[in-house]
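A look at the structure
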Amino acid sequence: MRALDSEPSLATTAAAGTAATRELAEELGIRPPLREALRLRTASPLGPYHLTVHLAELCEPLRPDPREIPRHELLPLAHVLAVPPRPFIPTGLDVLRRLFT
């Protein structure tokens with residue numbers, strides 16, 4: 001998720017490009033098959049970047065690595081869309097709305 005590290009204190013929903021599989025394994029302890037769902041070009045404080053979003057169907061429990069993810073919680077999608085947690089990366093919320101509304 002290096003493209004999003006310019007705002008490391010914000011929650012995010014994306015893993016950048018071909019690093020998605022590695023990031024899921026390192027951070028969440030899972031290796032599900034991924035399918036590309038969306039590509040978009042968006043702005044950041046460092047300039048524009050291209051984002052590829054992948055979806056996966058989970059068949060195993062998440063095992064977050066506390067060194068990578070010191071705090072986490074799972075929220076219903078409807079709740080996140082209605083009352084986004086703060087702080088939350090605006091691009092992440094945009095992606096969720098594009099995919100699920």
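Refer to the structure presented above.
Below is a short write-up of the structure. Predicted model, so just to flag it, every value in this text is computed and none were measured. (Residues numbered from 1 in each chain as written. Predicted model: local features only at pLDDT ≥ 70, side-chain atom pairs only at ≥ 80, totals over all residues. Heavy atoms only, no water.)

Glancing now at the pairing of strand β2 (residues 49–56). As judged from the eight bridges shared by strand β1 (residues 34–42) and β2, these two strands associate in the antiparallel manner. Across the sheet, R35 pairs through a bridge with L55, a residue of β2. Connecting β1 to the antiparallel partner β2 that follows it, the hairpin turn spans six residues, and G47 within it adopts a positive phi of roughly 120 degrees. (Pairing = 2+ DSSP bridges. Helix = DSSP H or I, 4+ residues; strand = E, 2+ residues; numbered from the N terminus.)

What follows is about helix α1 (residues 20–28). Of the residues making up α1, those classed as buried are A20, E23, A25 and E27. In this fold, the buried residues of α1 make contact with β1 and β2. At the exit of α1 stands G29, carrying a positive phi of roughly 70 degrees. (Buried < 20%, exposed > 50% of the residue type's maximum accessible area, 1.4 Å probe, protein only. Contact = heavy atoms within 4.5 Å.)

Attention shifts here to helix α3 (residues 90–100). Every buried residue of α3 is listed here: T91, G92, L93, V95 and L96. Buried residues belonging to α3 abut β1, β2 and α2 (77–82).

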